[in-house]
Amino acid sequence: MSFYGIAGLFISSYLWCTILWNVGSGYDRFDRKEGIVCIFRWGFPGKNRRIFLRLLMKDIQSIRIAVKEDIYARRILVLYMEIRGQGAIPLTRTDENLTPREIEQKAAELAYFLRVPIEVF
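One structure accompanies this document, and this report is about it. (Residues numbered from 1 in each chain as written. Predicted model: local features only at pLDDT ≥ 70, side-chain atom pairs only at ≥ 80, totals over all residues. Heavy atoms only, no water.)

1. Observations concerning the overall build of the chain
Then, in step 1: Counting its regular elements, the chain contains 2 helices and 7 strands.
Then, in step 2: Starting at the N terminus, the α and β elements of the chain follow one another as α-β-β-β-β-β-β-α-β.
Then, in step 3: The C-alpha atoms of the chain give 17 Å as radius of gyration, which overshoots the globular expectation for 121 residues (14 Å, by more than 25%).
Then, in step 4: Based on the C-alpha atoms only, the size of the chain along its principal axes is roughly 55 × 35 × 25 Å. (Helix = DSSP H or I, 4+ residues; strand = E, 2+ residues; numbered from the N terminus. Rg over C-alpha atoms; globule rule 2.2 N^0.38 Å.)

This is how it looks when you write it as structure tokens:
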């Protein structure tokens, strides 16, 4: 029984640290004049605490909407930005519970601004 208590203590301390350090939060900046996309995210304390990606707009291939299922068999829509040579970068947070219409509208606005196609998977 003490094993489960200690395991629960470690898991709860990990979750509280994630909440207090605001891991995963950040911002996306799209600058059409300079043709640059900047993506900033906070990580865990240490060497890689600040995650800052600077990409050229011409390297963006598409905006992708993917359907994921969580452990409760709910469908979650996730918005990705497909980058040439780097793969997909998620743009929506996991705790954002947006409706399919809101995700579609967000993807359409972003694809229109970036002048790229939308892919649905």
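2. Examining the pattern of salt bridges
Then, in step 1: Per the counting criterion, the structure on display carries 3 salt bridges.
Then, in step 2: We note a salt bridge from Asp28 to Arg41, for which the minimum N-O separation is 3.0 Å. Here Arg41 lies in strand β2 (residues 36–42) and Asp28 lies in strand β1 (residues 26–31), a separation of 13 residues in the sequence.
Then, in step 3: On the basis of relative accessible area, Asp28 is assigned to the partly exposed category, the value being 29%.
Then, in step 4: Relative accessible area serves as the criterion here: at 18%, Arg41 is assigned to the buried category.
Then, in step 5: Residues Glu82 and Arg64 are paired through a salt bridge, measuring 3.7 Å at the closest nitrogen-oxygen approach. Linking Glu82 in strand β5 (residues 75–83) with Arg64 in strand β4 (residues 60–69), this pair joins segments that are 18 residues apart in sequence. (Salt bridge = Lys/Arg side-chain N within 4 Å of Asp/Glu carboxyl O. Buried < 20%, exposed > 50% of the residue type's maximum accessible area, 1.4 Å probe, protein only.)

3. Re the side chain of Thr92
Then, in step 1: Looking at the secondary structure, you find Thr92 in the loop between β6 (87–90) and α2 (100–114).
Then, in step 2: What makes Thr92 buried here is its relative accessible area of 10%.
Then, in step 3: A polar contact of 3.2 Å, which involves the side chain of Thr92, links it to the backbone nitrogen of Leu79.
Then, in step 4: When residues no more than four places from it in sequence are discounted, the contact partners of Thr92 are Leu77, Val78, Leu79, Ile103 and Lys106. (Polar contact = N/O pair within 3.5 Å; in protein donor to acceptor, adjacent residues only side chain to side chain. Contact = heavy atoms within 4.5 Å.)

4. Focus on the nonpolar core
Then, in step 1: With 18 residues, the main nonpolar core has Val37, Ile39, Leu55, Ile60, Ile63, Met81 and Leu114 as its most contacted residues.
Then, in step 2: Of all the secondary-structure elements, those providing two or more residues to this core are β2, β4, β5 and α2.
Then, in step 3: With 5 residues, the single largest contributor to this core is α2.
Then, in step 4: Among residues more than four places away in sequence, those in contact with Ile60 are Val37, Met81, Glu82, Ile83, Leu114 and Val116. (Core = buried A, V, L, I, M, F, W, Y, C linked by side-chain atoms within 4.5 Å.)

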